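Below, each chain spelled out in residue letters.
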Amino acid sequence: MTDLKTRITEDVKLAMKAGDKARLGVLRMLTAELKNREVVLSQQITDAVVIEALEKMLKQRRDSESQFRAGNRLDLAEIEAAEIVVLSQYLPTALSEDELAALIQQGISETGAAGMKDMGKVMNWLKPQVAGRTDMGKLSGLIKARLG
């Protein structure tokens with residue numbers, strides 16, 4: 001088992017013992033997503049797969065939270081916000097603006113990107129290095145600004 005998956009499994013047990021139903025529910029959704037990836041999609045569960053699942057679930061919750069807030073359903077938005085907090089605890093520490101700028105510059109240099117047509121090369125080079133550590137939409141915008 002990977003480090004992240006082991007940590008999640010242990011946290012499920014702790015949440016059960018503590019009677020923390022909200023946290024337990026979120027962690028059970030996460031373990032179900034990982035089990036789905038393992039069984040249905042035949043993916044070997046690595047930390048990278050766990051991070052990918054976390055990013056997907058976080059994106060869904062952020063979208064739901066913003067829609068609930070727009071629809072003036074603050075009760076449901078707060079539930080989504082609480083789930084975001086729980087899931088975010090398993091992601092690696094976020095990159096600072098300076099670290100991100102340095103990685104983008106390195107990616108442009110390494111791939112020999114000269115303009116917008118090379119953006120895909122830079123994104124593909126950066127993806128494994130920034131997985132779970134920055135928002136990919138934000139990264140895309142920064143690369144566009146640098147190449148454009």
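Residues numbered from 1 in each chain as written. Predicted model: local features only at pLDDT ≥ 70, side-chain atom pairs only at ≥ 80, totals over all residues. Heavy atoms only, no water.

Quick look at the pattern of salt bridges
In total, this model carries 15 salt bridges according to the counting rule given. Taking the shortest distance from any N to any O, the salt bridge between Arg 37 and Glu 52 comes out at 2.9 Å. Taken as a pair, Arg 37 in helix 2 (residues 21-39) and Glu 52 in helix 3 (residues 47-70) lie far apart in primary sequence, 15 residues in all. Residue Arg 37 is classed as buried on the basis of its relative accessible area of 6%. Glu 52 sits in the partly exposed class, given a relative accessible area of 41%. The structure contains a network of salt bridges with shared partners spanning Glu 33, Arg 37, Glu 52 and Lys 56. (Salt bridge = Lys/Arg side-chain N within 4 Å of Asp/Glu carboxyl O. Helix = DSSP H or I, 4+ residues; strand = E, 2+ residues; numbered from the N terminus. Buried < 20%, exposed > 50% of the residue type's maximum accessible area, 1.4 Å probe, protein only.)

A short note on unusual backbone geometry
Phi at Ser 42 is positive, roughly 55 degrees, even though this residue is not glycine. Relative to the helices and strands, Ser 42 is located in the loop between helix 2 and helix 3. Of note in the backbone geometry, Asn 72 takes a positive phi value of approximately 60 degrees without being a glycine.

What about helix 5 (residues 97-111)?
Compared with an ideal rise of 1.5 Å per residue, which puts 15 residues at 21 Å, helix 5 spans 21 Å between its outermost C-alpha atoms and is within 8% of the ideal. All buried positions along helix 5 are accounted for by Leu 100, Leu 103, Ile 104, Gly 107 and Ile 108. Summarising the axial view, the buried residues of helix 5 lie within an arc of 135 degrees, below the 170-degree limit, and thus occupy one face. Pointing more than 90 degrees away from the buried face of helix 5 are the exposed residues Asp 98, Ser 109 and Glu 110. Contacts from the buried residues of helix 5 go to helix 6 (119-130) and helix 7 (136-147). Note on helix 5: the residue one or two positions beyond its end, Gly 112, has a positive phi of about 70 degrees. (Expected span 1.5 Å × (residues − 1). Arc of directions from axis to C-beta. Contact = heavy atoms within 4.5 Å.)

Some remarks on helix 1 (residues 3-18)
Taking 1.5 Å per residue, 16 residues should reach 22 Å; helix 1 reaches 22 Å between its end C-alpha atoms and fits that length. Residues of helix 1 that are buried include every one of Leu 4, Lys 5, Ile 8, Asp 11, Val 12 and Ala 15, and no others. Down the axis of helix 1, the buried set is contained in an arc of 120 degrees. They therefore lie on one face. Residues of helix 1 that are exposed and point more than 90 degrees away from the buried face comprise Asp 3, Leu 14 and Lys 17.

With respect to the packing of helix 3 against helix 4 (residues 74-88)
The N-to-C vectors of helix 3 and helix 4 enclose an angle of 160 degrees; their axes lie 8 Å apart at closest approach. By the angle between their directions, the pair helix 3 and helix 4 is classed as roughly antiparallel. Here helix 3 and helix 4 pass one another in a crossing that is left-handed. Together, Leu 54, Met 57, Leu 58, Arg 61, Arg 62, Ser 64, Glu 65, Phe 68 and Arg 69 of helix 3 and Leu 74, Leu 76, Ala 77, Glu 78, Glu 80, Ala 81, Glu 83, Ile 84, Leu 87 and Ser 88 of helix 4 make up the contact between the two elements. Tallied by class, the residues present in the contact of helix 3 with helix 4 amount to 10 nonpolar, 2 polar and 7 charged. (Axes fitted to C-alpha atoms, helices over the stretch in contact; angles between N-to-C directions. Parallel < 35°, antiparallel > 145°, perpendicular 65-115°, else oblique. Left-handed = near helix turned anticlockwise from the far one by under 90°. Nonpolar A, V, L, I, M, F, W, Y, C, P; charged D, E, K, R; others polar.)

Honestly, that's just the spatial picture; any functional story needs more than this.
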